[in-house]
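# Geometric and topological summary
Residue strings, one per chain:
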Amino acid sequence: MNRRSSTPEKLSLGVNIAWNTVGSLVYVVCNWLITVLVVVLGSDLSASGDLALAMSVGNVVATIVLFKVRPVQVSDLEERFSQADYVGFRFVSIAIAALFVSGYILLTIRPGSYVPVCLYVLFKMVDSFVDVYHGVDQRNDHLDYPGISQILRGVLMVVAFSFGLFLFHSLNLAIFLMAVISFLVVATYDHSRASRFCDVSPSFTPVKMCQLLKTCFPGFIASLLCTMVVSFARQEYGSEYGSELLGIYAAVATPTVIVQAVAGYIYAPLLVPIARAVREGKHGDVARFICKYLALLLVIVISAVVLFGIFGETALSIVYGDHIARYHQLFTPIIVATGSTAGMMFLQDVLVVYRKYFHAAFASGLSLALCAVVVRPLLVSFGMNGISFSITLAYCMGIGVSGMSLLLGGRSHLQSEE
């Protein structure tokens, strides 16, 4: 009762979008700075390649830890599960991720990269855990808390990484310090903010954990397959041409992630309104949301292509030097690939809100299968650009299949789950 009476007033949708976007942009920029620092402060480009490889594996691990719970959590308007259930399930998904990544690293990563990859996996587990607290904040229309958290973690993460790399010349120590800093912010700031709305102590009721596993598993498979498209393309290039060249691609690609960040974090606050529209049967409103978002995404991609085309080479030269700047022609394909990634992620989340998990998994599976077929021929024909081309082709197919599923689906499946 006391918690209810002291619950902060809800923020408007516009304020929530602003906080979410600003916080996310700061965090993305800080992640980009890390890839810059590893090139500038590292002893050679192999450190950048190891970090890029670790990030690719970390993205897969983050997908497992997240387990596609956030769209289910924020659209659970019937409160089939308590927030404590969602927190408890996050520990379960971390355990699943730990088991999976152990075999994945042994089978796909060369021994010399084990340590940085494992340390970055630890960081991503901490970094992904906080998403469940942010889901609580979003359910209560307070995305200012996640925004502040991302700013804090981003800035402190850069400081910690710089400390380990500059003073000790150790990529491993730099990544470990990132994990420690993230844990401290999550354990203090994020936990206390989420606790203002409800009890966020983890609950491990076996029945609820099994139900959540069953509910989220198809969406998780869809998300995992979707994420693996980028990881697969990059790892194929890295295994064929080496960590140093992969590091160059990663150095050029990282600034363009801002496109996906802007696109992704603009739509994230819309998931609750979309869920309400779905529940009320207002499918026309959902269609308008989708069309407006995809149109906005197209504008963002075109604007980014123009801006990076004008300033990209100069920016790379200032940040990295001429040895990286001469690869500026990679920008346009990377931006298009990043935009297609954002579009695919958005439609995947809408499918989850509609509870069309298997449709999402089918679209993602087709995307990954297409990537596996075309990546090597494209790498041979286009070199580094082959990574971007394979990602774009794969996600464009996924966007088409996801769009058809939403267009033909019509009715929500939410009532069938009650």
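Scope of this entry: the structure provided in the associated data block. (Residues numbered from 1 in each chain as written. Predicted model: local features only at pLDDT ≥ 70, side-chain atom pairs only at ≥ 80, totals over all residues. Heavy atoms only, no water.)

## A word on unusual backbone geometry
The phi dihedral of Lys68 is positive, around 55°, even though this residue is not glycine. Phi at His169 takes a positive value of approximately 50°, unusual for a residue other than glycine.

## Thoughts on the packing of aromatic side chains
Under the definition given, this model contains 16 aromatic pairs. For the pair Phe382 and Phe389, a centre-to-centre distance of 5.0 Å together with 90° between the ring planes defines the contact as edge-to-face. Classification of Phe382 by relative accessible area gives partly exposed; the value is 46%. A connected cluster of aromatic rings, assembled from ring pairs, spans Phe67, Phe89, Phe217 and Phe220. For Arg193, the ring lying beneath its charged end belongs to Tyr145, and the centroid distance is 5.9 Å. (Phe/Tyr/Trp six-rings, centres within 6.5 Å; stacked < 30°, edge-to-face > 60°. Buried < 20%, exposed > 50% of the residue type's maximum accessible area, 1.4 Å probe, protein only. Lys NZ or Arg CZ within 6 Å of the ring centre and 35° of its normal.)

## Remarks on the pattern of salt bridges
If you walk through the whole model with that rule in mind, you get ten salt bridges. Salt-bridge contacts for Arg70 lead to Asp131; the nearest nitrogen and oxygen are separated by 2.5 Å. In this pair, Arg70 sits in helix 4 (residues 69-74) while Asp131 sits in helix 6 (residues 114-139), placing the two residues 61 residues apart along the sequence. Here Arg70 and Asp131 have matching classes, each one buried. Linking Arg153 and Asp127 is a salt bridge whose minimum nitrogen-to-oxygen distance equals 2.7 Å. (Salt bridge = Lys/Arg side-chain N within 4 Å of Asp/Glu carboxyl O. Helix = DSSP H or I, 4+ residues; strand = E, 2+ residues; numbered from the N terminus.)

## Here we look at a nonpolar patch on the surface
Nonpolar side chains collect at one region of the surface, where Leu298, Ile302, Val306, Leu307, Ile310 and Phe311 lie side by side and expose about 610 Å² of accessible area between them. Its place among the elements puts Ile310 in helix 13 (residues 283-319). (Patch = residues over 30% accessible without salt bridge, like charges linked within 9 Å, V, L, I, M, F, W, Y side chains within 5 Å. Areas by Shrake-Rupley, 256 points an atom, 1.4 Å probe, with all protein chains shown as cover.)

## A closer look at the packing of helix 11 (residues 257-267) against helix 15 (residues 331-353)
Contact geometry of helix 11 with helix 15 gives a least axis separation of 8 Å together with a crossing angle of 20°. In terms of their interaxial angle, helix 11 and helix 15 are classed as roughly parallel. The crossing of helix 11 and helix 15 is right-handed. Here Val257, Val259, Gln260, Ala263 and Tyr267 of helix 11 lie close against helix 15, whose contacting residues are Ile335, Thr338, Thr341, Ala342, Met345, Phe346 and Asp349. The class makeup of the residues in the contact of helix 11 with helix 15 is eight nonpolar, three polar and one charged. (Axes fitted to C-alpha atoms, helices over the stretch in contact; angles between N-to-C directions. Parallel < 35°, antiparallel > 145°, perpendicular 65-115°, else oblique. Left-handed = near helix turned anticlockwise from the far one by under 90°. Contact = heavy atoms within 4.5 Å. Nonpolar A, V, L, I, M, F, W, Y, C, P; charged D, E, K, R; others polar.)

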